[in-house]
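Residue-level structural notes
Chain by chain, the residues run as shown.
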Amino acid sequence: MYSDAGQSKQLVNITLILSQYPILSKKIRARMRRELFKQQLVEETHFEKEVRQEAIKSQEREGLENPFLEEPAEMWERRLEVTRDYLTDLYFSKFMNPEQFNTLVKEVLGERGIEHETSILSINPELAPQNLLFEQALTIESYQTSKRRRMDPRLQEIKVVLIKNLISDHLPYINIAKEWFTISDLAEIRKHRIGPGRIGGKAAGMLLASTIIKSVGDKELIDSVNIPKSFFVGADLFYVFMSMNNLVHWNDQKYKSEDQMRRDYPQIVKKFEDSKFPPEILEELERILNLVGKTPLIVRSSSLLEDNFGASFVGKYESVFCPNQKSTKVNLRELCRAIKRVYATTLNPDALLYRRRRGLLDYDERMAVLIQVVVGEKQGKYYMPQTAGVAFSHNQFRWSPQIEPEAGFVRLVWGLGTRAVDRVGNDYPRLIALSHPLLYPSNSIKSIRRYSQQYVDLIDLDANKFCTLPIGSVLSPGDSTVRLFTQVEQDGYIQSLLGNIKTSDIPNLIFTFEDFIKQTKFVPIMKKILGLLEGHYHAPVDIEFTANIINLTPTTKDVEITIVQCRPQSRLSELKEVRIPPDLKKEDMVFSTWFMVPRGHIPKIRYILFVPPEEYFKLDTLQARNDIGRIIGSLNQSLKDETFICIGPGRWGTSNPDLGIYVNYSDIYNAKALVELTGKGRGAVPEPSLGTHFFQDLLEAQIYPLVVNLDDSRAYLNQTIFFQSPDQISRFHKDAENKKTCLKVIDITDYKPEHHVEIMMDDEKGRAVAYLMPDITS
């Protein structure tokens, strides 16, 4: 006789197999009972008596007080039949082994001329429970080579079903993942999952990248690359959480107006944060805390749609750091709060509008959660990785003609990688073109210092919180690793440090990462990673990572790279041929730039949303500048059926309105280009936030980011068009009269009737030109 667990598996197995034979199942069960009676394992009279008793109990459960009057005779007979079948399966699973059951099934099928090789082939994997699928897959993997080869198609089917149920049901992902994951890989993922459901897109991409590298990478990659210790909160728990806390009625937010979404969202966040998890989930989360100890954690969104081909959702959902330095009780409370905040962002208006724009509104977007150990090290009272960033396998924005687009590029920072992917204020990561890693976007010492990292994101262990601090307040004299990331400015030159950092060096340090690039294998390893993943994804990819120097000696500086995320890279559509018209007249040019130009063409532009720089920076309140972004969002809707671009000072999408125009994706997604004006007192933009989440939003929406640097003698801005054309904002936004001096809508036909604007971008020559064209020739 089997254990309860063994009997349970056998019972499920019997039920599933017999469900495949609706006609013959009656005959098979009759044989099963006959075998039980024959071996005197069950007494026939007693069995039939139990069938009657259980059938009567089922009537009582359904509230039948007078079955003879309330239930027809044929229904009673059907009830007896169902009960008899269940008890047959139950007793057979209790007293007989799987081989005996398979033999019996084989005999009955054989009488009908049907071959029944094994019970494995008789079960529909799409309907079977995961326990049974894992059991069967591992059984197949244990077969000898000849039998295993015959069962490989079945193993592949089981693997695909497990990937769909456990990780992702998106076909582009499955088509790749099924070639790489083993059953053991999937079992390990399941072991780290909390609650039912899939683990979502962010977790899926990280795990697939790791599996590819460990499977086909060379020894250097295998030794150098890993992923953080991770746990997965299944997506189905999201609905359990909403149901038990009376939150389900918020699910219709996606069909409301944008204004209503934004009004409701603060209340939604509060409701989510005040809600509770089931006790068994709290136990599992506490178990995680006991496993990781006092190591900081990050709680990341991993929704079912996230990080997929054509829909990355970058920056739409929240990630929350948990410093994890208090008592278990406090740490558990903070971990739960972080998960609730991630859950709430499923209904974030920016995420819902992104889904609406991408045609994904009707998809069942459940939120899974990825809990990761923060990879890093203690530096006094602080905790952070030595370096972190985001890397792209394809570079569409070259700052020099010799840069090879297919080699990719990296945004690298000291500390946590949030400063590499978020569009922060007046702070810059190091841009590394992997084909020419020592080539800066600007070579002057003044520019290198100005456009270098000034702040660092980290976890303050004593304060138990995430912080952003000036780098000078964090650097410590004597640090042996930071000297590889920094150089010192002395006497008009930038020089490498010959020894450890001294206190007197700190004010003059610049984070150039020059010696890190020269003295470690970071660049060649990163090129290998990106090339390998792009090759097997069959598309460009981007990854988020941390990088730490290990085995630091005068002669050895090994690099360990931890991949925390991998997804298909968002890209602009590229034309085969781009031709800027020769001999354009000055009066027919709208603007021209030679700064980080992609390849592309925007035809038939009728309107320009223009923010005059001087007027914008004269606005003396934060609210006044934020209002400009909100009006642009309204115009984005009013002009949704028109072709328009946006031109304004400093950085579009910055979180700091002193440095540019604060807009979100939902404010500009109908625009065809965002043009940033810099130089001549109009703010400074060394690059169009290349690689940030906001930047990736633009590429995915096919919005071209451009920079016109007016300090460049080759650049041009047609002052007449921008400053003397009539303002048509009142046609599209009736309440904008008091903002007209710092936001205007230019109708190109006011400047030149029966004309429109074309923008041609030639990445080979590094030039983009916007120019007027007559309507009749377009």
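Small disclaimer: the values here were computed from a predicted structure and weren't measured. (Residues numbered from 1 in each chain as written. Predicted model: local features only at pLDDT ≥ 70, side-chain atom pairs only at ≥ 80, totals over all residues. Heavy atoms only, no water.)

**Some remarks on empty space enclosed by the protein**
In this structure the tally under the stated criterion is 4 cavities of 30 Å³ or more. Taken as a whole, the second largest cavity holds about 60 Å³ of empty space. Along the walls of the second largest cavity sit S168, Y173, G201, A204, G205, E306, D307, N308, F309, Y537 and P568, which together make up its complete lining. Among the elements that take part in the lining of the second largest cavity, helix α11 (residues 201-216) stands out by supplying 3 residues, more than any other. (1 Å grid on protein atoms, 1.4 Å probe; cavity = no way out; pocket = protein on both sides within 12 Å on 5 of 7 lines; lining within 4 Å. Points joined across faces, edges and corners; volume = space filled by probe spheres on them. Helix = DSSP H or I, 4+ residues; strand = E, 2+ residues; numbered from the N terminus.)

**Notes on the nonpolar core**
Formed by 84 residues in total, the largest nonpolar core has its most connected members in W414 and F522. Among the elements that line this core, the one with the most residues is helix α21 (residues 522-537), at 9 residues. Judged by nonpolar contacts, the second largest core, of 72 residues, contains V299, Y354, I371 and I661. (Core = buried A, V, L, I, M, F, W, Y, C linked by side-chain atoms within 4.5 Å. Buried < 20%, exposed > 50% of the residue type's maximum accessible area, 1.4 Å probe, protein only.)

**Concerning the pattern of salt bridges**
Inspection of every chain in the model, using the stated rule, returns 44 salt bridges. Put simply, R79 and E62 hold a salt bridge, and the shortest N to O gap is 2.9 Å. On the criterion of sequence distance, the pair formed by R79 in helix α5 (residues 73-95) and E62 in the loop between α3 (44-61) and α4 (67-70) is long-range, its members being 17 residues apart. Given the relative accessible area of 11%, R79 is considered buried. Its salt-bridge partner being R731, residue D747 comes within 3.2 Å of it at the nearest N-O pair. On the criterion of sequence distance, the pair formed by D747 in strand β28 (residues 744-747) and R731 in helix α27 (residues 729-732) is long-range, its members being 16 residues apart. D747 sits in the buried class, given a relative accessible area of 3%. Each of D218, E220, K521 and K528 takes part in one network of salt bridges that share partners. (Salt bridge = Lys/Arg side-chain N within 4 Å of Asp/Glu carboxyl O.)

**Quick look at the side chain of S435**
Within the element layout of this structure, S435 appears in the loop between β11 (430-433) and α19 (445-450). With a relative accessible area of 17%, S435 lands in the buried category. A distance of 3.0 Å separates a polar atom in the side chain of S435 from the backbone nitrogen of E404. At 2.9 Å, the side chain of S435 forms a polar contact with the side chain of H436. Not counting residues up to four positions away in its chain, the partners in contact with S435 are Q402, I403, E404 and A407. (Polar contact = N/O pair within 3.5 Å; in protein donor to acceptor, adjacent residues only side chain to side chain. Contact = heavy atoms within 4.5 Å.)

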